[in-house]
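Read off the chains here:
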Amino acid sequence: MKKTLTILGFLVAFPAGVAQAGRDCHVPMADWHPRDAVARLALEKGWTVRRIKIDDGCYEIKGRDAAGRQIEVTVDPATLEVIELEYEDGDHASHRQKGPDED
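One numbering rule holds for all chains: residues counted from 1, following each sequence as written. Thresholds applied to this predicted model are a pLDDT of at least 70 for local features of residues and 80 or more for the giving and counting of side-chain atom pairs; totals over whole chains, interfaces and linings are not thresholded and use all residues. For side-chain calculations, the full set of non-hydrogen atoms in the structure is used, while hydrogens and water are omitted.

(A) Representation of the overall build of the protein chain. For the protein chain, the count of helices and strands is two helices and five strands. Numbering of helices and strands starts at the N terminus; helices are DSSP runs of H or I of at least 4 residues and strands are runs of E of at least 2. Taken from N to C terminus, the helices and strands of the protein chain fall in the order α-α-β-β-β-β-β. Classification of residues uses two cut-offs on accessible area relative to the type maximum, computed with a 1.4 Å probe and protein chains only: under 20% is buried, over 50% is exposed, and between them is partly exposed. For the protein chain, the proportion of its 103 residues judged to be buried stands at 27%. Any two residues whose heavy atoms approach within 4.5 Å at even a single point are treated as in contact. A fraction of 27% describes how many contacts in the protein chain between residues 6 or more apart in sequence connect residues 24 or more apart. Just so you have it, the protein chain exposes about 7,200 Å², and 55% of that area is on carbon and sulfur atoms. Note on areas: these come from Shrake-Rupley sampling with a 1.4 Å probe, and a residue is covered only by the protein chains present in the view.

Written as structure tokens, this is what we have:
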């Protein structure tokens, strides 16, 4: 019985781990654009950058958009494509916009 519960626990947890792995960027460091390029991308989009960091192999920008909303943007380090953009509206409701290749 104990073995069955262990196996069932693994099977339940495994799909969640696979779903999370799809958000990571798997790009060799040699193919990355420099951090300055990410800052220029943000400037071109009218974003005010508070912080640029690396998270799960992607660039992550935290700051504000042109409307003053707090944003968190995930950027592919090789293409500088926006993978995900999350922001809060005036009611503090959180919104998520997926990149072009996500459903």
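(B) Looking closely at the packing of aromatic side chains. For Phe, Tyr and Trp, where Trp contributes only its six-membered ring, two rings pair if their centres lie within 6.5 Å, and the inter-plane angle classes them as stacked under 30 degrees, edge-to-face over 60, or tilted in between. Counted according to the given criterion, the structure contains one aromatic pair. Here Trp32 and Tyr59 contribute two aromatic rings whose centre-to-centre distance is 5.1 Å and whose plane-to-plane angle is 65°, an arrangement assigned as edge-to-face. Of this pair, Trp32 sits in the loop between α1 (2–21) and α2 (35–44) while Tyr59 sits in strand β2 (residues 58–64), and the two are 27 residues apart along the sequence. You'll find Trp32 and Tyr59 in the same group, each marked buried. In this arrangement the basic side chain of Arg69 is found over the ring face of Tyr87, its NZ or CZ atom lying 3.9 Å from the centre. Charge over a ring is defined by NZ of Lys or CZ of Arg lying within 6 Å of the ring centre and within 35 degrees of the ring normal.

(C) Focus on the state of the cysteines. By convention in this document, the label disulfide applies to cysteine sulfur atom pairs within 2.5 Å. Scanning all chains against the criterion turns up one disulfide. Across a sulfur-sulfur distance of 1.9 Å, Cys25 and Cys58 are joined as a disulfide pair. Linking Cys25 and Cys58, the disulfide has an S-S dihedral of approximately 100° and is accordingly described as right-handed. Of this pair, Cys25 sits in the loop between α1 and α2 while Cys58 sits in strand β2; the two residues are 33 residues apart in sequence, bridging distant segments of the chain. We note that Cys25, like Cys58, is buried.

(D) Spotlight on the pairing of strand β4 (residues 82–88). Taking burial as the measure, the seven residues of β4 include five buried ones, the bulk of the element. Examined bridge by bridge, strand β3 (residues 70–75) and β4 share five bridges and lie antiparallel to one another. Looking at the pairing, Val73 lines up with Leu85 of β4. By the convention used here, strands pair only if DSSP detects at least 2 bridges between them. Hairpin connection between β3 and β4: a loop of six residues separates the two successive antiparallel strands, and Leu80 in this loop has a positive phi of roughly 60°.

(E) The pairing of β3, seen in detail. Note: β2 against β3, six bridges, orientation antiparallel. When the sheet's bridge partners are listed, Glu60 is paired in β3 with Thr74. In this antiparallel pair of consecutive strands, β2 and β3, the connection spans five residues, and Gly68 shows a positive phi of 90°.

(F) Examining the confidence of the model for the protein chain more closely. Scored by pLDDT, the protein chain comes out at a mean of 79, with 63% of its residues at no less than 70. Confidence drops under pLDDT 50 across residues 10–22; counting only partners more than four residues distant or on other chains, this segment forms one contact. The quantity called pLDDT is the predictor's confidence in a given residue, expressed from 0 to 100.

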